[in-house]
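Spelled out from the first residue to the last, the chains are:
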Amino acid sequence: DWVHSRLDYQGRKVDVKGTEPTIAEAQPGTIFMLMRTKTGRLFQSWSYDNGETWTEGVPSQLASVNSPAQLATVPGTNDLLVVWNQSSITEAQNSFYRARLSTAISRDQGRTWTHFQNIESSREGTYVAPEPVHPEWILAGLNPRNDELPGYPKPPQRPDKEHSGRLYASYTYPAVLFHGNNLLVSHADLHWDEDGKVVTPG
């Protein structure tokens, strides 16, 4: 079954189903999970029986607009590391929803996060304060003909020259590996050139 949550929106219930989950052991017997959603936040859940059952998904304090994350336990500790696309609602509405690849650390099983840094970024700032969740984005997706509901922000098909180049870079799908005292992170990286063509490393 999906680990999901139900949010209230103007008197009705909205089912939030997380996708592309990532998990890490927070401490022996306790597993922490993050999931991408279309609400403006990563959602989170815990298992206290080695993954047999899970708590209901709830919004995390990590701002993200429907992008995947990667969790890992820092070797020799119970600290959690997350690598994800950190983005504000305003940035997403202006098509910058994967323009920052960030990291953060949690020392309390995923309940709070500190030490925010960027691995790659086309935007300023290492910390984006979480905004209220947007269940109406989910409703709009379920009923796209309902013009009264603002839909999920979509990226530009062809950026104009005024906002071209690395400004529209997209860093996503991170993979994390600890090797000794080093952290290795691989990820997808693409951007648009001055002619509006997508460029990928080759």
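Each remark here, short or long, concerns the structure printed above.
Keep in mind that this is a model prediction, so the values were computed, not measured. (Residues numbered from 1 in each chain as written. Predicted model: local features only at pLDDT ≥ 70, side-chain atom pairs only at ≥ 80, totals over all residues. Heavy atoms only, no water.)

## Looking at the packing of aromatic side chains
Geometrically, a pair of aromatic rings is defined through the distance of the ring centres and the angle of the planes.
Here is step 1 of the chain: This structure, assessed with the given rule, holds 4 aromatic pairs.
Here is step 2 of the chain: Ring plane angle 45 degrees and centroid distance 6.2 Å describe the contact between Phe-32 and Trp-113, whose orientation is recorded as tilted. Taken together, the positions of Phe-32 in strand β4 (residues 30-36) and Trp-113 in the loop between β9 (100-106) and β10 (114-121) put the pair 81 residues apart, joining distant regions of the chain.
Here is step 3 of the chain: With a centroid separation of 4.7 Å and an interplanar angle of 70 degrees, the aromatic rings of Phe-116 and Tyr-127 are classed as edge-to-face. (Phe/Tyr/Trp six-rings, centres within 6.5 Å; stacked < 30°, edge-to-face > 60°. Helix = DSSP H or I, 4+ residues; strand = E, 2+ residues; numbered from the N terminus.)

## Some words on the side chain of Asp-79
Here is step 1 of the chain: The residue Asp-79 is located in the loop between β7 (69-73) and β8 (80-85) in this model.
Here is step 2 of the chain: For Asp-79, a relative accessible area of 16% corresponds to the buried category.
Here is step 3 of the chain: With sequence-adjacent residues up to four places away left out, Asp-79 is seen in contact with Ala-72, Thr-73, Val-74, Ile-105, Ser-106 and Arg-107. (Buried < 20%, exposed > 50% of the residue type's maximum accessible area, 1.4 Å probe, protein only. Contact = heavy atoms within 4.5 Å.)

## Overview of the pairing of strand β3 (residues 19-27)
Where a strand is regular, its side chains alternate between the two sheet faces.
Here is step 1 of the chain: Sheet analysis places β3 next to β4, joined by 6 bridges and oriented antiparallel. In the sheet register, Thr-19 faces β4, and the bridge partner there is Arg-36.
Here is step 2 of the chain: Here β3 folds back onto β4, and the loop between the two strands holds 2 residues, one of which, Gly-29, carries a positive phi near 90 degrees. (Pairing = 2+ DSSP bridges.)

## A look at the environment of Thr-19
Here is step 1 of the chain: Here Thr-19 is to be found in strand β3.
Here is step 2 of the chain: Residue classification places Thr-19 among the partly exposed positions, given a relative accessible area of 29%.
Here is step 3 of the chain: Once the C-alpha coordinates of Thr-19 and Met-35 are considered, the two residues, 16 residues apart in sequence, prove to be 5.6 Å apart.

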